Amino acid sequence: SNRMPMVWPEMTFEDQQVKFDPQIFEFVQRAIAVRRALPPLRLGFFRGVLCEDPRGVYAFAREHDGRHAYVVLNRSDQQRQVHVPVAGANDGETFVDWLDPAQTRLTQSETDRPAIEIKRDARGSAVTGGRVTITLKPFTTAVLTAKPK
């Protein structure tokens with residue numbers, strides 16, 4: 001099993017194969033920031049919304065205080081287009097993917113912890129027929145919420 005700690009940029013190890021990976025580091029920082037930014041991910045009720053085992057796709061919602069966050073996973077080695085049912089959303093409403101660097105920006109909070117914000121020019125995906133359609137690369141995840149107005 002892998003019992004190594006998170007590798008930080010300034011760390012060195014005797015094992016020369018252990019090196020800092022900026023992509024993994026940024027993903028972990030982004031995931032931490034998203035969890036901190038979205039109360040439903042920390043406090044919300046869990047509800048499965050999509051299970052397509054043969055395609056390797058699974059989605060669930062976390063709901064808290066009238067807010068929803070949808071987590072969509074592509075566990076397959078193929079790119080997948082996913083139609084995610086979004087409760088109570090109106091057609092035309094835009095959802096953003098908080099894990100997509102094209103839609104969100106990582107920042108540092110006053111406490112030097114990772115923070116995240118939606119980019120002004122984030123396009124997101126529009127609701128059509130009560131669903132948001134996204135495309136996920138192999139073995140990736142999306143965290144969707146309605147784009148604040």
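Heads up: the structure comes first, above all this text.
No experiment lies behind these values; they were computed from the predicted model shown.

Draft legend 1. Local environment of the sheet that holds strand β2 (residues 57-64). A sheet is described by the order of its strands in space; here 8 strands give the open sequence β1-β2-β3-β10-β5-β8-β9-β4, paired in antiparallel fashion. Each edge of the open sheet is held by one strand with a lone partner, namely β1 (45-52) and β4 (80-85). On average, each strand axis in the sheet is tilted by 30° relative to the strand beside it, whichever way the strands run. Judged from the 7 bridges that link them, β1 and β2 form a sheet pairing that is antiparallel. From the neighbouring strand, L50 faces β2, where its bridge partner is A59.

Draft legend 2. Region of the structure containing helix α1 (residues 22-37). Compared with an ideal rise of 1.5 Å per residue, which puts 16 residues at 22 Å, α1 spans 22 Å between its outermost C-alpha atoms and is within 8% of the ideal. Turning to α1, its buried residues are F25, Q29, R30, A33 and V34. Here the buried residues of α1 occupy an arc of 165° about the axis, which is enough to place them on one side. Where α1 is buried, its residues contact α2 (39-43), β6 (104-108), β7 (114-118) and β10 (141-146). Measuring from the backbone nitrogen of Q23 back to the side-chain oxygen at the start of α1 gives 2.9 Å, which picks out D21 as the cap.

Draft legend 3. Structural context of the nonpolar core. Ranked by internal contacts, the top residues of the largest apolar core, which has 18 residues, are Y70, V72, V84, V86, F95, I134 and L144. When residues of this core are traced back to their parent elements, those giving at least two are β1, β2, β3 (67-74), β4, β9 (131-136) and β10. Ranked by size, the runner-up nonpolar core spans 13 residues in total, among them V34, A69, V96 and I116.

The rules behind the values
- Residues numbered from 1 in each chain as written.
- Predicted model: local features only at pLDDT ≥ 70, side-chain atom pairs only at ≥ 80, totals over all residues.
- Heavy atoms only, no water.
- Pairing = 2+ DSSP bridges.
- Helix = DSSP H or I, 4+ residues; strand = E, 2+ residues; numbered from the N terminus.
- Axes fitted to C-alpha atoms, helices over the stretch in contact; angles between N-to-C directions.
- Expected span 1.5 Å × (residues − 1).
- Buried < 20%, exposed > 50% of the residue type's maximum accessible area, 1.4 Å probe, protein only.
- Arc of directions from axis to C-beta.
- Contact = heavy atoms within 4.5 Å.
- Polar contact = N/O pair within 3.5 Å; in protein donor to acceptor, adjacent residues only side chain to side chain.
- Core = buried A, V, L, I, M, F, W, Y, C linked by side-chain atoms within 4.5 Å.

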